[in-house]
Amino acid sequence: MLCGGIFMKQFVYFVLIFFLWVGVELPASGQVNVVGKPGHVLTPSAQWDTLRQVGVSFGILPESYSINNFMGRQVGPEHIYGVRVPLTAFLEVNINFTRKPELADRIGVGDRHIDVRIHLLKERRLLPSVVLVLTPPEGVSTYLSQDLLVATKNIVLGGAGTLRISGGYSSPYFYRTSKTKIGSYKTITRKTSVGNNYLNGFFGSLQWQPWEFLGVMVEHDSQKINTGMFLQWKERIYIQGNLIDNKEFGITSSVRFPLDFAPFELRRYVKKK
Amino acid sequence: MSKRSSWAILVLYWVLGTLQAQEMAEKLWDAGFEQVHVLEAADTVTIFFEHRPFRSPYHSLTYAGLVADESRHVVWIPLYHNRPMGVYEGNDLRYRPLENEERESFKARNNLARGYRFQWRIMPDFSARFGNFDQPFQTKTNVILDTRIYLLPGLSLQSGVLFPLENSLDQQEMNIRVAPTHLHYFVELRPSHFLSLTGGLFHTDRYGLDLQYRYARLDKKWSVGLESGYTGYYFLPPGSIYTETPEDLSLILDLEYRLPVENLSVRMSGGQFLFRDYGVRGDLIKQFGIVEVGFHKALTQSGSTAGFQVAFPLFPGKILRGKKVELRTTEEFRWEYTYNNEDVVARKYRLGTPRLVHQLRQNNSLFIQSF
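Residues numbered from 1 in each chain as written. Chains lettered and ligands numbered in written order. Predicted model: local features only at pLDDT ≥ 70, side-chain atom pairs only at ≥ 80, totals over all residues.

## Quick look at the overall build of chain B
Part 1: Per the secondary structure count, chain B includes 5 helices and 23 strands.
Part 2: Evaluated residue by residue, chain B yields a buried proportion of 35% over its 371 residues. (Helix = DSSP H or I, 4+ residues; strand = E, 2+ residues; numbered from the N terminus. Buried ≥ 20, exposed ≤ 12 C-beta atoms within 10 Å, placed from the backbone.)

Given below as structure tokens:
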């Protein structure tokens, strides 16, 4: 847990910085869930990053609620790294690496996962934003698989901030490839049959952002109720504390940056001129 | 006006024009441009330049435009490896292929001895394997300090020194050694037929000969190419060189299509990859300004894999720049991740010089005009 210790220190440091920060004007849209997708605690939302920046995230899930919990065996907390790359105006690719620090000597880097996020419907005055997430039927250990449809609506409350409501359905089945000594086989398996309780049916969430820099949320992730609170700086850096099942503490953090920048020398020259 | 005074005025104009051209060439040279030739006509200026610190010609053209600050109509002719690549005109950088007259004009002015700085480039060299049970992150990190010297038109020598930082990937010792050193010849055989020949030491422990050919019209979406190599294994223990006879032939044909939107390109390649591995590979590549992100999927005899690659310049770029010498970070660092870490699927070696296909994708006028 050395890593966790350092991380807690950084967390406290960030919290201090954020409380000293005043005044950001744009509505937040770079906030992500534990696997690095726009979302809440564990659930995704249909929020779309219109600036089309690249996102990098890091999340910690407590032992009993980790996504790949090896069929209920107690193997420590789970670290999830995520990268989100916008390819077109309506398509994003998400990549995940997971790591079980207490199991690293046995499994090394854990599951590696890739999925695509497709923006089906833009948010309008009355209509919500709708997003489809699909996982390609590929890979060795596919516990992070998610095939889901989600809708999100933002309601501006004037002086009282923004309310974000999301709801969706995630397939309780996943495409599983297993390698055994006899050979590899591919099946469509029920997530629960392998002890995977991540996004398994209907889910929904409610998020309230009273100020630009802070938001609170509550969600039902198809199994349990989670709550969370995030702090953000300029929609670039997010840090979020979560209570999973309202019992155990978890963390999500993320940064977001554009990729279409000009070379440093050119930017400096333009600035000087 | 007497005949004599009109002559005097003409001469004066000519002298002033030459001075102006010289001044502009100097401004560009000081800003890091090389092989700068400014040709003045009545109402247009033709400017040849090579600009190695930036990865994308778009940014080089933008930078050159700002530095030159020219109100007349400018005809830009950027060079790559000492060869003119195309003509980009005016403020909107409209593309057209070079005319023979312009090619001849460059040949006459090309000056290898005085046209280039002595550029030293800092470049990290990073290889990694994930997922080993005993050691999940096996990495090897080196820093390369290298340079490229132009010997003949289109022919250059790249060489440098490699400083090892850490190695938990293989058995190689931590000796300071020669960085991948090779001769590189680049030529546009006929308009839009590009050829690149490289011979020497490459990355990924390969040495030998590499040939790349590509037919790419820089204003069109389709391009087709061939990448071939005849290589062997080498490594450099302290004070010596260990080589195995080259016996590995690779030959890959590919077809690339630039989608009409979003600077996305799709590339299908197939043939014999490194280690005599027959198969096909599909790439989806997105160009963001100077950063490039690609996803791929490959199916070969050895198995299947998927992965991604990124290419970007390293911060900050220019470190020191003098009249004749420059120290900078690399304009392109490319790294590829492949999911399958057990089987060797659809592997290629990295040359150390950007591959033709990646460079021509940057030079495509549809990309340059997309900004």
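## Brief notes about the overall build of chain A
Part 1: Scanning chain A from terminus to terminus reveals 3 helices and 14 strands.
Part 2: A total of 273 residues make up chain A; the buried ones form 40% of that total.
Part 3: Put simply, of all contacts in chain A between residues at least 6 apart along the chain, 48% involve residues at least 24 apart. (Contact = placed C-beta atoms within 7 Å.)

## Quick notes on helix α4 (residues 356-363) of chain B
Part 1: Burial analysis of α4 of chain B places 7 of its 8 residues in the buried class, the great majority of the element.
Part 2: Those residues of α4 of chain B lying buried are Leu-356, Val-357, Gln-359, Leu-360, Arg-361, Gln-362 and Asn-363 of chain B.

## Considerations on the environment of Phe-163 of chain B
Residues and elements named next belong to chain B.
Part 1: Mapped onto the secondary structure, Phe-163 falls in strand β9 (residues 155-167).
Part 2: For the pair formed by Phe-163 and Asn-142, sequence separation is 21 residues and the distance between their alpha carbons is 5.5 Å.
Part 3: Once residues within four sequence positions are removed from consideration, Phe-163 is found in contact with Asn-142, Val-143 and Ile-176.

## Some remarks on the interface of chain A and chain B
Part 1: The interface is formed by 22 residues belonging to chain A together with 29 residues belonging to chain B.
Part 2: Taken together, the elements giving at least two residues each to the side of chain A that touches chain B come down to β2 (78-88), β3 (91-99), α2 (104-107), β4 (109-121) and α3 (264-272) of chain A.
Part 3: Ranked by the residues each element gives to the side of chain A that touches chain B, the list is headed by α3 of chain A, at 5 residues.
Part 4: In the side of chain A that touches chain B, the residues fall into 15 nonpolar, 2 polar and 5 charged. (Nonpolar A, V, L, I, M, F, W, Y, C, P; charged D, E, K, R; others polar.)

## Topic: the confidence of the model for chain A
Residues and elements named next belong to chain A.
Part 1: Scored by pLDDT, chain A has a mean of 81; 81% of the residues are at 70 or more.
Part 2: Strand β5 (residues 129-134) holds the highest mean pLDDT among the elements of chain A, 93, whereas helix α1 (residues 2-20) holds the lowest, 47.
Part 3: Counting contacts from residues 13-28, a segment whose pLDDT is below 50, to residues more than four positions away or on other chains yields 18 contacts. (pLDDT = per-residue confidence, 0-100.)

## With respect to the domain arrangement of chain B
All names here are of chain B.
Part 1: Each assigned domain of chain B is listed here: domain 1 (3-109) and domain 2 (119-368).
Part 2: Distance between the C-alpha centres of domain 1 and domain 2: 31 Å.
Part 3: Across the boundary between the two partners, domain 1 contributes 19 residues, which contact 27 residues of domain 2.
Part 4: If you tally residues by element for the side of domain 1 that touches domain 2, the top one is helix α2 (residues 57-68), at 3 residues.
Part 5: Split by residue class, the side of domain 1 that touches domain 2 holds 10 nonpolar, 6 polar and 3 charged. (Domains from an automatic or database assignment.)

## What to know about the pairing of β5 of chain A
Residue and element names in this part refer to chain A.
Part 1: Of the two faces of β5, the one lined by Ser-129, Val-131 and Val-133 is fully buried and the one lined by Val-130, Leu-132 and Leu-134 carries no buried residue.
Part 2: In terms of strand pairing, β5 meets strand β6 (residues 148-156) through 5 bridges, oriented antiparallel. Residue pairing for β6: Val-133 is matched across the bridge by Leu-148. (Pairing = 2+ DSSP bridges.)

## Topic: the nonpolar core
Part 1: By size, the foremost hydrophobic cluster in this structure holds 27 residues, and its most contacted members are Leu-28, Ile-47, Phe-48, Phe-49, Ala-64 and Trp-76 of chain B.
Part 2: Of all the secondary-structure elements, those providing two or more residues to this core are α1 (3-30), β1 (34-40), β2 (44-50), α2, β3 (73-80), β5 (87-89) and α5 (365-368) of chain B.
Part 3: For Ile-47 of chain B, the contacting residues outside a window of four places in its chain are Val-38, Ala-68, Val-74, Trp-76 and Ile-77 of chain B.
Part 4: Within the second largest apolar cluster, 23 residues are counted, among which are Val-131, Tyr-143, Val-150 and Tyr-198 of chain A. (Core = buried A, V, L, I, M, F, W, Y, C linked by C-beta atoms within 7 Å.)

## Here's the deal with unusual backbone geometry
Part 1: Along the chain, Phe-315 of chain B connects to Pro-316 of chain B via a cis peptide bond; the corresponding omega equals 0°.
Part 2: Take Pro-316 of chain B: it is sitting in the loop between β20 (303-312) and β21 (318-321).
Part 3: For Lys-234 of chain A, which is not glycine, the phi dihedral falls at a positive 50°.
Part 4: Relative to the assigned elements, Lys-234 of chain A resides in the loop between β12 (225-233) and β13 (237-244).
Part 5: In this structure, Leu-93 of chain B is a non-glycine residue whose phi angle is positive, near 50°.
Part 6: One can find Leu-93 of chain B in the loop between β5 and β6 (94-96).

## Some thoughts on the environment of Thr-189 of chain A
Residues and elements named next belong to chain A.
Part 1: The residue Thr-189 is located in strand β9 (residues 184-190) in this model.
Part 2: Taking the number of C-beta atoms within 10 Å as the measure of exposure, Thr-189 has 17 and is therefore partly exposed.
Part 3: Sequence-wise, Thr-189 and Phe-174 are 15 residues apart; in three dimensions their C-alpha atoms are separated by 5.5 Å.
Part 4: Once you skip the residues sitting within four places of it in the chain, Thr-189 turns out to touch Tyr-173, Phe-174, Arg-176 and Val-194.

## Examining the packing of α3 of chain A against α2 of chain B
Helix-helix packing is described using two parameters, namely the angle between the two axes and the distance between the axes.
Part 1: Interhelical geometry of α3 of chain A versus α2 of chain B gives an angle of 25° and a closest axis separation of 10 Å. The orientation of α3 of chain A relative to α2 of chain B falls into the category roughly parallel. The crossing of α3 of chain A and α2 of chain B is left-handed. Every residue of α2 of chain B that contacts α3 of chain A at Leu-266, Tyr-269 and Val-270 of chain A is listed here: His-59, Thr-62, Tyr-63 and Leu-66 of chain B.
Part 2: Residue composition of the contact of α3 of chain A with α2 of chain B, by class: 5 nonpolar, 2 polar and no charged. (Axes fitted to C-alpha atoms, helices over the stretch in contact; angles between N-to-C directions. Parallel < 35°, antiparallel > 145°, perpendicular 65-115°, else oblique. Left-handed = near helix turned anticlockwise from the far one by under 90°.)

## Here's the deal with the confidence of the model for chain B
Part 1: On average, residues of chain B score 90 in pLDDT, and 97% of them reach the 70 mark or higher.
Part 2: The spread of mean pLDDT over the elements of chain B runs between α1 of chain B, the lowest at 80, and strand β12 (residues 193-201) of chain B, the highest at 96.

## Details of the environment of Ile-225 of chain A
All names here are of chain A.
Part 1: Of note, Ile-225 is situated in strand β12.
Part 2: C-beta crowding within 10 Å serves as the criterion here: with 13 such atoms nearby, Ile-225 is assigned to the partly exposed category.
Part 3: Considered as a pair, Ile-225 and Lys-191 are 34 residues apart in the sequence and their alpha carbons are 19 Å apart.
Part 4: Here Ile-225 is in contact with Val-218, His-220, Asp-245 and Asn-246, once residues within four sequence places are set aside.

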